[in-house]
Structure formats: structure tokens, C-alpha cells
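In case you want the letters, here they are:
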Number of protein chains: 2
Amino acid sequence: MRRNQGLAVATTAALAAMLLFGGTSMSEAQDGGRRIDARTVPVPAAASQALRESIAAPVPVPVSADGGGLPETDDEWAAFAAAADAAAGQGVDAAAEQLGLTLERGEVEGVAVHRVTPNEVDPAHADHLFLYVHGGGYVFGGGDASVQEALFIASRARIPVLSIDYRMPPAHPFPAAVEDVVTVYRHVLAQRPARSLALGGTSAGGGLTLAAVHRFLALGLDVPGALYAGTPWADLTKTSDTLFTNEAVDRVLLTYDGLLRAAAELYADGHDLKDPLLSPVYGDFAGFPPTYLVTGTRDMLLSDTARTHRKLRAAGAVADLNVYEGVSHADYLLVPESPESQEVYAELNAFLLRHLE
Amino acid sequence: MRRNQGLAVATTAALAAMLLFGGTSMSEAQDGGRRIDARTVPVPAAASQALRESIAAPVPVPVSADGGGLPETDDEWAAFAAAADAAAGQGVDAAAEQLGLTLERGEVEGVAVHRVTPNEVDPAHADHLFLYVHGGGYVFGGGDASVQEALFIASRARIPVLSIDYRMPPAHPFPAAVEDVVTVYRHVLAQRPARSLALGGTSAGGGLTLAAVHRFLALGLDVPGALYAGTPWADLTKTSDTLFTNEAVDRVLLTYDGLLRAAAELYADGHDLKDPLLSPVYGDFAGFPPTYLVTGTRDMLLSDTARTHRKLRAAGAVADLNVYEGVSHADYLLVPESPESQEVYAELNAFLLRHLE
């Protein structure tokens, strides 16, 4: 900065406040926090009809996100996750068949996987492979439940998917999940060029994707050709702005102070939550491959996604941020027939076609 | 979509809800709206120190954004805007000199302009020109006040800037502002290749930029090489989701139901607010040039910016969305020494260097 720029900037800043509809207001709460009155937030008028209908008539689910009735012991956690995953994993074979996919269960060097292969692979993806990492807060989404989004990706992009059913707590806390992704990635890397591989997922799957790439770089492995970070849980601590501003506005996550905090602590198993392999936003993003990011205006992880995008850009990476109107955390999974969901995966596919080799 | 995909998708959607921390909650308010309790939103922990300090100790300014004391007659509006602009326009010559810029007042075919020329133009920008369109809700920001952000752009990117001091209401409502941008653009286009020109601004300036390009396309004019849409006011109606979700969270705009609504109505002068030349998000974005967009997690115009980004992408345009942590509407102007502000203009410059010819 030039020597006198500070003064000039200070002058213009004080004046600029008056240009913008009257400028800033006094803050009312202590410590500079802003006191926000109770309000009713209407269904987003500019969202699609399908999303609007889902938001206006939400499906009640049995688990309370505010922490009421949360498991406490390891056995309770295991039973809780097993029941949720059993329900979520039902019907995946029929779904795969109806979507024109072949679904096979297997393992790679001891790590459970599902192979999801379109009956008609896009010729442009003939030499590509998508390594999928499921979400579920590092606690849920194992077994057959792990392939839900993999089915969307495989059927919409017509790309082969290898879905990683990584180990989870309480039996296998951090760093088991990261290790399993590394194991599968190393195995695939021995067979294919790194630039032909994509890696990605949603929520915890997005965060784990970013954490795994930090680990790949530390190990000196070539990075994939492209990443997909769908509303990534990139910071397990209660830091991001939208954890506060979108609390209760986000119809999926609702609040950090329940299942999210409990899941973070169960997964971390005593490790520092700011370890970049747990909260990848705190890592060094130099060397990251092109990354496609998705979030929404109501997403409590909008900040995690935007902060990751900024870190990637500051490190010189290609990073493509997409924010959808009225979309809460991972709504594109919950309302898969919505135009928003179609657009998320169409853009993902375009990104893969642009960056994979 | 394949014939049976609907069923498969419905099955997986119902199950996917259980994967994400317990899924959706029941909505409490009527019409599907969400009732949000009062809360205190803390200063964003992951924003820069400079931005945090500004948020924690906001500068009170004399105008109330909630509509209290707003002008009513044309004479009151004129006096109100003149006083605000006189204050905001003070000291721009000294500021320009301190920033290493030459500031000249002039006109182009009857439209008032300022020419802002860096003493040391970046050789890469030697053949480029940035046409700047100021903000201020289509009511404020005229005269010397119009060059504040132009000074930042010219000094940080070391690019010559032609700042358009377009006519405004009450004397000159819509479409005077659009016409003035077209007049200056046509004039410049007769002298230079379109691809050597950038066009852009913040807030109303971002919206006017997008509206003007709709008009360029309708007139069959070549479009500029790049656009800058800083938190564009792209929808003058009360439609966007973040007008509701970020009400009062945004320390700059505070609410739509005061100065914003009044300014929109004064500017529109009875025209349909959804006319794409007033609310450009409702237009057809086919043929738009590469566009760089900036907003923040607390910005009430986050939705306007994100919706514009999606429209651009759906139309096949290159569009680059950037969301800054904890940033309210145009905070990068209000806290210009913050790292966020430096990054906004560094990214703008990189975008210009990539796309201008």
C-alpha cells in the first residue's frame, strides 16, 4: 500500500457509509453482537415450486436435532446409528435398478465399498471414476445408506462411482475415516491416473473429502482431477457465522447445539477439533485440485462452504462456489426432483467433464 | 428422466432425510413460514480483525433505514439526497491525489462523468477501460460522491476508470439512469473494442450494470469484456430469501421496509418493478459476458447476488460468485482496509486481467 493510502482510505470509508441507504446502525447487544428480534421467515418465493412445497409441508422425522434424547453411551450411539442406517439403507438395490445402475458390494484392502456402475456410461466418462464419500455427521450413513447420493451422481452424470463405506465411531473414531479414504485412494491410484479421478460428497462427506486431500498432500500423493464439496462440514467447531445467523432458519440442521456438537465430539475422540484433518478449513490449501462447492442461502454450513472457497482461492486453486436460493443444508438431497437438485448435479457433471482427464 | 426414476428418487429422498443429522423439523408458522426466536448474533469469529472491530463498534450514521423520517415530497427527496451526497463527496480530490490518481470532471454526450486515471497504469491494463456505475439505491451517490469505489478500483487494479454520474430521481427517475449508461457506453464503444471494456459497480451500481447489459443486448450492441456485480440490487421487489433471513443481521441495509422500498418506488416511478431493466434478475441472461459477483453471509442482497449467479450460469455465461464471511451489504466499501476488501479488489483485478482483451 502506498504511504498515504491509509489516510485517503479512512476518509473515503467514513464517507462511503452514507452512500448505502443510510449506513450502519448501532449494535444493541454486548460484545458487539447483534440482537435480532423474533420473526417469521416465509417460504422462499424465488425457489422452485418443488422446493417451496417441501419447505411448506416438511416431513417430520423422529430424531430431534436439538439434543433431546441423544445417545450418551457408546452402545446407545451404536444402536442409534444402526437403526437410522438400516432405515435409510432400505431399497437401494431396487432404486439402483430403476435408475439404470448396477450396484455391487465389495471391499478394497479391507475397506467396505459399493460399486455403482451406470448401465450406459457416458463415453466422455469411460476412463473416469468418481470416489464417493458419504455424509451423516461422521456417525450416520454407513452400510447401504452410504450410497444414496452416489446413486444420484452415477445416474445423472452417467459416471462410474466407487462409494467408500468408511469406518465410523463409536467403534472407529477419527482418524479411521480419513485412513479409509486414503487406503481406497492409494489402491485406485495404483491403477489409474490421478487426473482421471474425482473425489467428493456432501456434508461430512464434503469435509472428509477436503481432509483426505490435506492428507494426500502430506503423503506426497498426486491429487484427484476434481473435488466435489457439497455443503462441506469443514469446521467442526462452533465458529462459522451462519451457524448463528441461520440457526433455526436451516430446516435440516436447526442448531449446532445438539446432534452436531455431539457428533463432532464423538468423532474427534479427544483430538483438537481444529486439526485440519478434522476441520479442513484450518489447513493449507496449496496444491488443491479444482473444487466444486454447493450451498444455499438457508444453509447453516453456508459459511463453512464460503470460507473453504476463499481458502482455496487464496491458495490459487480453481474453486467454483454455487449458492442456491432458499436451500437449507443438503436440500438438494432431500428434494431430489427439484430443479435445484437437477441443477446441482448437472453443474457437477459439467465441472467433472471440464477438469477430469 | 427415465421412466422409473421418479419412484426410485422418491424412495431415496424419504430415506435420505435420516442421513443428515435427523432431517427436517415441523414448521411452526402458518403458510409454511418458519418462526425464528429472538437471538443475539455474535461478531463473526472467522472474519478479519479489521472487520470484527468495525462490526463490534459500528459507526452511527444519521439516517434511519427503517423509514423513520424518510422524505415524502420530491423536494424533500432532492434536499435529502443533496445533503447526503455533499457530505459523501467531500475530499475526493485529496483522496485521489493520495492514492496516486488523477481525478478529472467532465461529460460524455451530456452525461456527467469523472475520469480517474492512475499515475502508473498497469501495463497489462494500458488498453483497458473500466466503466464504473455507482451505488446509492438509485437516489444517492451523485456528484463527487459517485467516485468513492472508482478510486478503490483505479488505485488497486491500476486501471483507468470512467465513472458515470447518471441522472437520478426525483428529477430523473427510471429509465434515465439506464439511458445514461447506454449513452456513455455507445460513445466509448465507437472508440474502443468492446472486449477491452469492463462495466460494473456495487449495490444499485451492480443492478444498473446488469440492467444496462440487458439493454445493450436488446440494442444489438457488443457486450463488454467483463462485468463486476458487487452485491447487486438485482430485484427491487421484496422477494429474495435473504431480505427475510438476514433482516437486521445485515448491519448496513437493516430492512427492506424503509429506505429500500421507498427508493425502489421513487426510482421506478410507476413502472413494474419486475421490468428487467429495473430488476435485472428477471431478464434473459443469454449473451452476457463473464461476470464477477461479490456478497457476504450477512448481506440482505446475498440472494439477489446468488440468484443472478444462477441465472448467468443457466444461460451458459462465465460467472464467478464470491461470498465473504460475516460481511454485510457492501462492507468491503465500508471497511476498505480490511483483508476482505483487499481480496475483493485483488480478485476483481485478476478477473479483469483474465477476461479483458
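Attention in this report is confined to the structure presented alongside it. (Residues numbered from 1 in each chain as written. Chains lettered and ligands numbered in written order. Predicted model: local features only at pLDDT ≥ 70, side-chain atom pairs only at ≥ 80, totals over all residues. Heavy atoms only, no water.)

1. Digging into unusual backbone geometry
All names here are of chain A.
Turning to step 1, where the next piece is worked out: Note the cis peptide between Pro169 and Pro170, where omega equals 10°.
Turning to step 2, where the next piece is worked out: Mapped onto the elements of the fold, Pro170 is located in the loop between strand 6 (161-164) and helix 6 (176-189).
Turning to step 3, where the next piece is worked out: One non-glycine residue, Glu109, adopts positive backbone phi at about 50°.
Turning to step 4, where the next piece is worked out: Mapped onto the fold, Glu109 is located in the loop between strand 3 (101-108) and strand 4 (111-118).
Turning to step 5, where the next piece is worked out: Taking relative accessible area as the criterion, Glu109 reaches 56% and is therefore assigned exposed.
Turning to step 6, where the next piece is worked out: Notably, Asp269 is not glycine yet its phi reads approximately 55°, a positive angle.
Turning to step 7, where the next piece is worked out: Along the chain, Asp269 falls in the loop between helix 9 (256-268) and strand 9 (291-296).
Turning to step 8, where the next piece is worked out: For Asp269, a relative accessible area of 47% puts it in the partly exposed group. (Helix = DSSP H or I, 4+ residues; strand = E, 2+ residues; numbered from the N terminus. Buried < 20%, exposed > 50% of the residue type's maximum accessible area, 1.4 Å probe, protein only.)

2. Describing the sheet that holds strand 4 (residues 111-118) of chain B
Residues and elements named next belong to chain B.
Turning to step 1, where the next piece is worked out: Read across the sheet, eight strands follow the order 3-4-6-5-7-8-9-10 without closing on themselves; strand pairing throughout is mixed. In this open sheet, the two strands that pair with only one neighbour each are strand 3 (101-108) and strand 10 (319-324). Between one strand axis and the next, the sheet turns through 20° on average, direction left out of account.
Turning to step 2, where the next piece is worked out: Where strand 3 meets strand 4, eight bridges bridge the pair, whose relative direction is antiparallel. For Val108, the partnering residue across the bridge sits in strand 4 and is Val111.
Turning to step 3, where the next piece is worked out: Strands strand 9 (291-296) and strand 10 of the sheet are contacted by helix 10 (residues 302-314), whose axis makes an angle of about 155° with strand 9. (Pairing = 2+ DSSP bridges. Axes fitted to C-alpha atoms, helices over the stretch in contact; angles between N-to-C directions. Contact = heavy atoms within 4.5 Å.)

3. Describing the pairing of strand 4 of chain B
When a strand is regular, its side chains alternate between the sheet's two faces.
Residue and element names in this part refer to chain B.
Turning to step 1, where the next piece is worked out: Hairpin connection from strand 3 to strand 4: two residues lie between these consecutive antiparallel strands, with Glu109 at a positive phi of about 50°.
Turning to step 2, where the next piece is worked out: As paired elements, strand 4 and strand 6 (residues 161-164) share four bridges and run antiparallel to each other. The residue bridging Val113 from the neighbouring strand is Ile164, located in strand 6.

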